[in-house]
Amino acid sequence: MVRTPLTPEERERGERLGKLLREARGDRSMTQIAASAGISAETLRKIETGRAPTPAFFTVAALAGALGLSMDELAGQCVPAPV
């Protein structure tokens with residue numbers, strides 16, 4: 001299966017998501033949050049660093065729940081502001 005290359009906007013959105021999740025995690029360990037969300041620490045690492053810019057919806061929902069974030073707030077912060 002060949003993936004369509006991501007647009008610069010999609011990559012930027014993934015980087016914003018990763019940054020928001022990292023900030024929300026604070027001083028909690030990556031392993032702790034990943035386990036709470038039911039994903040691997042490596043998956044969380046990839047999302048936080050932007051190496052996985054388009055994680056599955058349910059992965060993002062699980063992370064939001066583990067971090068106490070609302071999906072609306074998270075989505076709103078990942079969309080670029082209108083110019």
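Here's what I pulled together on the structure shown here.

1. A word on helix H2 (residues 30–37)
So, point 1. Listing the buried residues of H2 in full gives Met-30, Ile-33, Ala-34 and Ala-37. With its buried residues spanning 100° around the axis, H2 presents them on a single face. Set apart from the buried face of H2 by more than 90 degrees, the exposed residues are Thr-31, Ala-35 and Ser-36.
So, point 2. As for H2, its buried residues are in contact with helix H1 (8–25), helix H3 (41–49) and helix H4 (57–67).
So, point 3. Positive backbone phi, approximately 80°, marks Gly-38, located one or two places after H2.

2. Here we look at the nonpolar core
So, point 1. Grouped together as the largest cluster of nonpolar side chains are 17 residues, with contacts concentrated most on Leu-17, Leu-21, Ile-33, Ile-39, Leu-44, Leu-63 and Leu-74.
So, point 2. Secondary structure elements with two or more residues in this core: H1, H2, H3, H4 and helix H5 (71–78).
So, point 3. Sort the elements by how many residues they give to this core and H4 lands first, with five residues.
So, point 4. Each residue touching Leu-44, except ones within four places of it in the same chain, is listed here: Arg-25, Met-30, Ile-33, Ala-34, Ile-39 and Leu-63.

3. So, the pattern of salt bridges
So, point 1. Counting across every chain of the model gives five salt bridges.
So, point 2. Between Lys-19 and Glu-23 there is a salt bridge, with the nearest N and O atoms lying 3.9 Å from each other. Here Lys-19 and its partner Glu-23 are both found in helix H1, four residues apart, which amounts to about one turn of the helix.
So, point 3. By relative accessible area, which is 51% here, Glu-23 ends up exposed.
So, point 4. Here Glu-42 makes a salt bridge to Arg-51, at a shortest N to O gap of 3.3 Å.
So, point 5. Using a relative accessible area of 34% as the deciding quantity, one classes Glu-42 as partly exposed.
So, point 6. Taken together, the shared-partner salt bridges in this structure form one network comprising Glu-42, Arg-45 and Arg-51.

What counts and what doesn't
Residues numbered from 1 in each chain as written. Predicted model: local features only at pLDDT ≥ 70, side-chain atom pairs only at ≥ 80, totals over all residues. Heavy atoms only, no water. Buried < 20%, exposed > 50% of the residue type's maximum accessible area, 1.4 Å probe, protein only. Helix = DSSP H or I, 4+ residues; strand = E, 2+ residues; numbered from the N terminus. Arc of directions from axis to C-beta. Contact = heavy atoms within 4.5 Å. Core = buried A, V, L, I, M, F, W, Y, C linked by side-chain atoms within 4.5 Å. Salt bridge = Lys/Arg side-chain N within 4 Å of Asp/Glu carboxyl O.

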